[in-house]
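Listed below, chain by chain, are the residues.
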Amino acid sequence: MTTEELVVEFALTRLDNPGLDLEETAALVVRRLGPEGMMQFASQNLAVRDELRGGAFESAVEYVVRTVLKLRDGDD
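Here is a short report on the structure shown in this document. Nothing here was measured: the structure is a model prediction, and the numbers come from that model.

What counts, and where the lines are drawn
Residues numbered from 1 in each chain as written. Predicted model: local features only at pLDDT ≥ 70, side-chain atom pairs only at ≥ 80, totals over all residues. Heavy atoms only, no water. Helix = DSSP H or I, 4+ residues; strand = E, 2+ residues; numbered from the N terminus. Rg over C-alpha atoms; globule rule 2.2 N^0.38 Å. Buried < 20%, exposed > 50% of the residue type's maximum accessible area, 1.4 Å probe, protein only. Contact = heavy atoms within 4.5 Å. 1 Å grid on protein atoms, 1.4 Å probe; cavity = no way out; pocket = protein on both sides within 12 Å on 5 of 7 lines; lining within 4 Å. Points joined across faces, edges and corners; volume = space filled by probe spheres on them. Nonpolar A, V, L, I, M, F, W, Y, C, P; charged D, E, K, R; others polar.

## Side note on the overall build of the protein chain
So, step 1. Within the protein chain, the regular secondary structure consists of three helices and zero strands.
So, step 2. The order of α-helices and β-strands along the protein chain, N terminus first, is α-α-α.
So, step 3. Relative to its length of 76 residues, the protein chain is compact, with a C-alpha radius of gyration of 12 Å against a globular reference of 11 Å.
So, step 4. In terms of principal-axis extent, the alpha carbons of the protein chain reach across some 35 × 30 × 20 Å.
So, step 5. Relative to its 76 residues, the protein chain shows a buried fraction of 29%.
So, step 6. Considering only residue pairs separated by 6 or more positions, the protein chain has 39% of its internal contacts joining residues 24 or more positions apart.

Dropping the structure here:
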């Protein structure tokens, strides 16, 4: 999944669930992507953080939140 596709998926999920915070919305996105998407995002997040291991679901959710915030706020 590209960054653009991730942002669209996040935005659509947010529209469907306006009462959720960013992390809860990211968790829904990760759940919808299934095990393969979760592993992709978890591995990307752990690589960025220079870690060898971590919880797959939590790491995937963190990756989604980081990506959305980075695009929203810029690279600062």
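## Remarks on unusual backbone geometry
So, step 1. Positive phi is not limited to glycine here, since Asp50 has a value of about 60°.
So, step 2. Structurally, Asp50 is set in the loop between α2 (22-48) and α3 (56-73).

## Topic: the layout of surface pockets
So, step 1. Looking at the largest pocket, its volume works out to about 170 Å³.
So, step 2. Surrounding the largest pocket, Thr3, Asn45, Val48, Tyr63, Arg66, Thr67, Lys70 and Leu71 form its lining.
So, step 3. Elements with a minimum of two residues in the lining of the largest pocket: α2 and α3.
So, step 4. When residues in the lining of the largest pocket are grouped by element, the largest group, five residues, is from α3.
So, step 5. Split into classes, the residues belonging to the lining of the largest pocket amount to three nonpolar, three polar and two charged.

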